[in-house]
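Geometric and topological summary
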Amino acid sequence: YMLIGATQGKKLLGDNMYYIFATMLSAVVHDIDHPGNSNLFEINSRSELALLYNDQSVLENHHCSMAFRIMRYNKTDVLEELPPAAYKDVKKTVVSCILATDMSVHFELIDKVKSKVSEGWDMTDSNDIFFLCRIILHAADLSNPVRPFPLAKLWASRICEEFNRQVENEKRLGLPILGFMITPDEKTLCKNEIGFASFVVAPMWRNLEILFPSFQPLVQQLNNNLDSWKALVEEISKQEEVKKSTTSLSPRPSGCTPTLTPK
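What this report covers is the structure whose coordinates are included nearby. Since this is a predicted model, take the numbers as computed values, not measurements. The residue numbering used here restarts from 1 in each chain and proceeds along that chain's sequence as written. Local features in a predicted model are, by the rule used here, given only for residues with pLDDT of at least 70; side-chain atom pairs are given and counted only at 80 or more, and totals for whole chains, interfaces and linings are based on all residues. Only hydrogens and water are set aside when side-chain values are computed; all heavy atoms of the structure are taken into account.

1. Some points on the packing of helix α3 (residues 17-29) against helix α7 (residues 84-99)
At a minimum axis separation of 8 Å, α3 and α7 run at an interaxial angle of 45°. Between α3 and α7, the crossing angle belongs to the class labelled oblique. Helix-helix and strand crossings are classified by hand; for α3 and α7 the assignment is right-handed. Every residue of α7 that contacts α3 at Y18, Y19, F21, A22, T23, L25, S26 and V29 is listed here: A86, D89, V90, T93, V94, C97 and I98. Gly counts as polar in this scheme, as do all residues outside two lists: the nonpolar Ala, Val, Leu, Ile, Met, Phe, Trp, Tyr, Cys and Pro, and the charged Asp, Glu, Lys and Arg. Taken together, the residues that form the contact of α3 with α7 break down as eleven nonpolar, three polar and one charged. Convention adopted: a line fitted to C-alpha atoms gives each axis, helices being fitted over their contacting stretch, and angles between N-to-C directions are expressed from 0 to 180 degrees. Helix and strand assignments come from DSSP, with helices taken as H or I runs of at least 4 residues and strands as E runs of at least 2, each series counted from the N terminus. The labels follow the angle: roughly parallel below 35 degrees, roughly antiparallel above 145, roughly perpendicular from 65 to 115, and oblique for the rest. In this scheme, a crossing is called left-handed if the near helix is turned counterclockwise away from the far one by less than a right angle; it is called right-handed if the turn is clockwise. Any pair of residues with heavy atoms lying within 4.5 Å of one another is described as a contacting pair.

Written as structure tokens, this is what we have:
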């Protein structure tokens with residue numbers, strides 16, 4: 001909701017509140033029934049979901065399907081009063097937004113953001129309408145690195161736990177393992193977050209800031225968080241050096257003390 005306001009979503013989308021509602025609804029349901037695995041895990045393990053969706057945006061398709069299955073029931077159907085044409089627009093927008101959270105299209109979305117910097121918006125074009133809704137949800141989905149550092153660090157640790165569980169399952173099943181998902185300690189977590197924020201998240205948010213100057217505080221928080229992660233790496237490295245030097249200077253165990261033989 002904050003990003004819709006920060007992007008002047010209401011102004012850009014005009015009087016059609018269905019698109020704003022659809023974007024907010026997609027945010028609510030975009031990870032529904034998430035199994036805690038990545039798409040690649042589903043594909044490599046040849047899961048039922050991967051078979052159902054033919055290895056294409058497996059989890060995102062599942063979230064869409066599950067959301068609309070739940071909304072078939074009267075008590076949960078928030079769309080039941082919509083006219084048929086509006087229902088069609090809302091569903092198309094929700095599906096489009098959720099599919100945009102697939103990281104396989106992340107850099108494609110960044111390129112599109114860059115093009116909007118020079119081209120501007122044409123909100124009479126349905127493609128621009130859908131893109132605005134998609135990039136709002138995708139940015140919200142990758143917003144952890146732009147949150148205050150204590151909160152960003154907390155959620156990074158939780159994601160790290162999820163990654164480690166997947167790695168253990170991949171080892172057990174003999175599946176390929178992605179190096180960035182292996183997080184054995186806090187120092188590795190910090191380095192992973194620095195890489196993710198620098199090379200994946202920052203290019204999107206910095207280009208969005210050009211489009212929407214009101215994003216500046218979020219980008220500044222992203223930069224501050226990067227500094228905090230780097231400071232943590234330095235602090236941990238210093239602690240390791242102190243521990244290493246302390247260990248090397250500690251007395252040898254009695255069993256290793258050399259004995260002197262009198263002449």
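Alright, that's what it looks like, and here's the rest.
2. Focus: the side chain of E42
The topology assignment puts E42 in helix α4 (residues 39-44). Relative accessibility thresholds used throughout: buried, under 20% of the residue-type maximum; exposed, over 50%; partly exposed, between the two (1.4 Å probe, protein chains only). In summary, the charge assignment counts Lys and Arg as positive and Asp and Glu as negative, without counting His or the chain termini. Each salt bridge in this description consists of a side-chain nitrogen of Lys or Arg and a carboxyl oxygen of Asp or Glu lying within 4 Å of one another. For the buried E42, which has no salt bridge, the nearest side chain bearing the opposite charge is R172, at an N-O separation of 11 Å.

3. Notes on helix α6 (residues 58-70)
Helices are assigned an expected span. That span is 1.5 Å times one less than the residue count. Its 13 residues place the ends of α6 18 Å apart at the C-alpha level, agreeing with the 18 Å of an ideal helix rising 1.5 Å per residue. Considering only its buried residues, α6 is in contact with α3, α4, α5 (48-52) and α7.

4. Points about the pattern of salt bridges
Taken as a whole, this structure holds five salt bridges when the rule is applied. Close ionic contact of K116 with E119 constitutes a salt bridge, the shortest N to O distance being 3.7 Å. Taken as a pair, K116 and E119 lie in helix α8 (residues 106-119) at a separation of three residues, close to a single helical turn. Across the salt bridge formed by D128 and K116, the nearest N and O atoms sit 2.9 Å from each other. Of this pair, D128 sits in helix α9 (residues 126-141) while K116 is found in helix α8, placing the two residues twelve residues apart along the sequence. One salt-bridge network, held together by shared partners, links K116, E119 and D128.

5. Some details on the packing of aromatic side chains
Each pair of aromatic rings taken from Phe, Tyr and Trp, with Trp reduced to its six-membered ring, is defined by centres within 6.5 Å and is described as stacked if the planes are under 30 degrees apart, edge-to-face if over 60, and tilted in the remaining cases. Enumeration over the complete set of coordinates arrives at seven aromatic pairs. Where F149 meets W229, the ring centres are 5.0 Å apart and the plane angle is 75°; that geometry is what we call edge-to-face. On the criterion of sequence distance, the pair formed by F149 in helix α10 (residues 149-173) and W229 in helix α12 (residues 216-249) is long-range, its members being 80 residues apart. Like W229, F149 is buried. Taken together, the ring pairs connect W121, F131, W205, F212 and F215 into an aromatic cluster. Lysine and arginine charges are scored as sitting over a ring when NZ or CZ, respectively, is within 6 Å of the ring centre and within 35 degrees of the ring normal. It is K91 that lies over the ring of F68; its NZ or CZ is 5.2 Å from the centre. If you follow K112 out to its NZ or CZ, it ends over the ring of F131, 6.0 Å from the centre.

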